[in-house]
Amino acid sequence: MSLIPSFFGGPRSNVFDPFSVDIWDPFKDFPFPSSSALSLPRETSAFVNTRIDWKETPEAHVLKADIPGLNKEEVKVEVEDDRVLRISGERKIEKEDKNDMWHRVERSSGKFLRSFRLPENAKMDQIKAAMENGVLTVTVPKAEVKKSDVKAIEISG
């Protein structure tokens, strides 16, 4: 038993393990479902919230996603008619053997889906995707912006 009260949850299951703290839910006594009930399991949260960088160069839009542990067959890159780029995939849960004793499960698993509306200058028919060392790179070439011709109008009178 700890001499210092815990303001962030119940007692620790192991005093020497800082990661064994029970998380305090400030909404647990409210009539609506608790925030912990709505959230995804901890072991999947990091993978489901796959981070993607999007940069624009003079030639293309480049999206990069960190997807460690997946191969290209487990990831889908799709384009919908209304200029929406969808990146999705799934990491399966490792098969368990009843004789195995797990001490910690920190690697994430589960599905992810990210969607991006591409700008008007994107060449939808020339999108390319490549996967290398757990990083998915999607390149969307840009159409050349045609400068409008300025025509001088003569003023009569």
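Up top is the structure.
A brief report on the enclosed structure follows.

Reading the values: rules and limits
- Residues numbered from 1 in each chain as written.
- Predicted model: local features only at pLDDT ≥ 70, side-chain atom pairs only at ≥ 80, totals over all residues.
- Heavy atoms only, no water.
- Helix = DSSP H or I, 4+ residues; strand = E, 2+ residues; numbered from the N terminus.
- Buried < 20%, exposed > 50% of the residue type's maximum accessible area, 1.4 Å probe, protein only.
- Pairing = 2+ DSSP bridges.
- Axes fitted to C-alpha atoms, helices over the stretch in contact; angles between N-to-C directions.
- Salt bridge = Lys/Arg side-chain N within 4 Å of Asp/Glu carboxyl O.
- Polar contact = N/O pair within 3.5 Å; in protein donor to acceptor, adjacent residues only side chain to side chain.

It is generally the case that most residues other than glycine have a negative phi and that most peptide bonds are trans. The backbone of Arg-83 sits at a positive phi, close to 65 degrees, despite the residue not being glycine. Counting through the fold element by element, Arg-83 comes out in the loop between strand S3 (75-80) and strand S4 (84-91). Under the relative-accessibility criterion, Arg-83 is labelled buried at 19%. Although it is not a glycine, Asn-133 sits at a positive phi angle of roughly 55 degrees. For Asn-133, the position within the fold is in the loop between strand S6 (128-132) and strand S7 (135-141).

Time to look at the sheet that holds strand S2 (residues 60-66). With antiparallel pairing, four strands are arranged side by side in an open sheet as S1-S2-S7-S6. Each end of this open sheet is capped by a strand with a single partner; those strands are strand S1 (52-56) and S6. Neighbour-to-neighbour, the strand axes of this sheet turn through a mean angle of 15 degrees, independent of strand direction.

Before going further, it helps to spend a moment on the pairing of S4. Within a regular strand, side chains alternate between the sheet's two faces. Extensive coverage of S4 is indicated by the burial of six of its eight residues. Alignment of S3 against S4, held across six bridges, turns out to be antiparallel. Looking at S4, one finds that Val-77 is bridged to Ile-87. The hairpin formed by S3 and S4 contains three residues between the paired strands, and Arg-83 there has a positive phi angle of roughly 65 degrees. Direction of pairing for S4 relative to strand S5 (residues 110-117): antiparallel, over a ladder of eight bridges. Its bridge partner being in S5, Val-84 is matched across the sheet by Arg-117.

Once that is clear, we can look at the pairing of S1. Bridge count between S1 and S2: five bridges; the pairing is antiparallel. The partner of Lys-55 across the bridge, within S2, is Val-62. Between S1 and S2, which pair antiparallel in sequence order, lie three residues.

This brings us to the pattern of salt bridges. Overall, the coordinates contain four salt bridges when judged by the stated rule. Between Lys-76 and Glu-78 there is a salt bridge, with the nearest N and O atoms lying 3.9 Å from each other. Of the residues examined, Lys-76 reaches a relative accessible area of 49% and is grouped as partly exposed. The exposure class of Glu-78 is partly exposed, given its relative accessible area of 33%. Among the salt bridges present, the one from Glu-80 reaches Arg-86, with a minimum N-O distance of 3.0 Å.

Along the chain, the position of His-61 falls in strand S2. Overall, the relative accessible area of 2% leaves His-61 in the buried class. Looking at His-61, its side chain comes within polar contact range of the side chain of Trp-54, at 3.3 Å.

Turning next to the sheet that holds S3. Judged by pairing direction, the sheet is antiparallel, and its three strands sit side by side in the order S3-S4-S5 without closing on themselves. Whereas interior strands pair on both sides, the edge strands pair on one side only; in this sheet they are S3 and S5. The average angle at which neighbouring strand axes cross in this sheet is 15 degrees, direction not considered.

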